[in-house]
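Summary of the model geometry
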Amino acid sequence: MGQPVAFFEVISPDAERAQKFYADLFGWQVSADPAMGGYALVDTGAGEGAIGGGIGGGEPGEKNVKIYMRVDDLDAFLARAEELGGKRLVPPTDLPGDFGKFAVFADPDGNPVGLWS
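Definitions and cut-offs
Residues numbered from 1 in each chain as written. Predicted model: local features only at pLDDT ≥ 70, side-chain atom pairs only at ≥ 80, totals over all residues. Heavy atoms only, no water. Buried < 20%, exposed > 50% of the residue type's maximum accessible area, 1.4 Å probe, protein only. Helix = DSSP H or I, 4+ residues; strand = E, 2+ residues; numbered from the N terminus. Arc of directions from axis to C-beta. Contact = heavy atoms within 4.5 Å. Polar contact = N/O pair within 3.5 Å; in protein donor to acceptor, adjacent residues only side chain to side chain. Salt bridge = Lys/Arg side-chain N within 4 Å of Asp/Glu carboxyl O. 1 Å grid on protein atoms, 1.4 Å probe; cavity = no way out; pocket = protein on both sides within 12 Å on 5 of 7 lines; lining within 4 Å. Points joined across faces, edges and corners; volume = space filled by probe spheres on them. Patch = residues over 30% accessible without salt bridge, like charges linked within 9 Å, V, L, I, M, F, W, Y side chains within 5 Å. Areas by Shrake-Rupley, 256 points an atom, 1.4 Å probe, with all protein chains shown as cover. Core = buried A, V, L, I, M, F, W, Y, C linked by side-chain atoms within 4.5 Å. Pairing = 2+ DSSP bridges. Axes fitted to C-alpha atoms, helices over the stretch in contact; angles between N-to-C directions.

Description of helix H2 (residues 74–83)
Within the sequence span of H2, burial applies to Leu 74, Leu 78 and Ala 81. Down the axis of H2, the sector holding all buried residues measures 60°, keeping them to one side. Check the buried side of H2 and you find it contacts strand E6 (87–94), strand E7 (101–106) and strand E8 (112–116). Capping the start of H2, Asp 73 holds a side-chain oxygen 3.2 Å from the backbone nitrogen of Asp 75, two or three residues further along.

A look at the pattern of salt bridges
Here the structure, examined in full by the defined rule, presents 6 salt bridges. Notably, a salt bridge pairs Lys 20 with Asp 24, separated by 2.5 Å at the nearest N-O pair. With a gap of 4 residues between them, Lys 20 and Asp 24 both fall in helix H1 (residues 15–26), about one helical turn apart. For the pair Lys 20 and Asp 24, one class covers both residues: exposed. The partner of Arg 88 in a salt bridge is Glu 82, and the shortest N-O contact between them spans 3.2 Å.

Here's the deal with the layout of surface pockets
Approximately 700 Å³ is the volume found for the largest pocket. The wall of the largest pocket is formed by 24 residues, among which Glu 9, Tyr 39, Tyr 68, Leu 95 and Phe 102 lie closest to the centre. Elements that contribute at least two residues to the lining of the largest pocket include exactly strand E1 (5–11), strand E3 (40–43), strand E5 (64–70), E6, E7 and E8.

A closer look at the side chain of Asn 64
Secondary-structure assignment places Asn 64 in strand E5. Here the side chain of Asn 64 touches Glu 62 through a polar contact of 3.1 Å, side chain to side chain. If we skip the residues at most four places from it in the chain, Asn 64 touches Glu 9, Val 10, Ile 11 and Pro 112.

Things to note about a nonpolar patch on the surface
A grouping of Val 5, Ile 51 and Ile 67 is seen on the molecular surface, where their side chains present a nonpolar patch of about 200 Å² in accessible area. On the secondary structure map, Ile 67 appears in strand E5. Residue Ile 67 is classed as partly exposed on the basis of its relative accessible area, which comes to 37%.

Digging into the nonpolar core
Val 71, Leu 74, Leu 78, Ala 81, Ala 103, Phe 105, Val 113 and Leu 115 together form the largest nonpolar core, which totals 8 residues. Elements supplying a minimum of two residues to this core: H2, E7 and E8. Of all the elements, H2 adds the most residues to this core, at 3 residues. Sequence-distant contacts of Ala 81, defined by excluding residues within four places in its chain, comprise Gly 86 and Phe 105.

Observations regarding the sheet that holds E5
The strand order E2-E3-E4-E1-E5-E8-E7-E6 describes an open sheet built from 8 strands, whose pairing is mixed. If you trace the sheet from one side to the other, it starts and ends with strand E2 (29–32) and E6, each paired once. Going across the sheet, the axis of each strand differs from the next one's by a mean of 20°, ignoring polarity. Bridging between E5 and E8 involves 3 bridges; their strand directions are parallel. Across the sheet, residue Tyr 68 finds its bridge partner in E8, namely Gly 114. Sheet strands touched by H1: E1, E2, E3 and strand E4 (52–56). Its angle to E4, the strand with the most contacts, is close to 140°. In this fold H2 packs onto E6, E7 and E8, with an angle of close to 175° to the strand it touches most, E6.

Right, here's the structure in full:
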């Protein structure tokens, strides 16, 4: 069985603009959280079991869209990505609350891909 897509993320140098754009375009509920630096969790309104996401700012000038795959072992998948020509970008990092951990690698073309456990 493959690893499911678990989360999507939009990173923009103007997070508030991006949050409004996607909310207005797709009718998503976008809730910015000041405790998370204005990062917003997204409810797409697609019902239970739908993939949720987040919209926020990143490093200065950073902009991208990435998907996060649910995995059981972040280190093992990061190592495998490197074996296949990818590059580790963010090591396993705790998320606030009970949201688990995440990591990010770049595929051989430089596209960022997230892992979540």
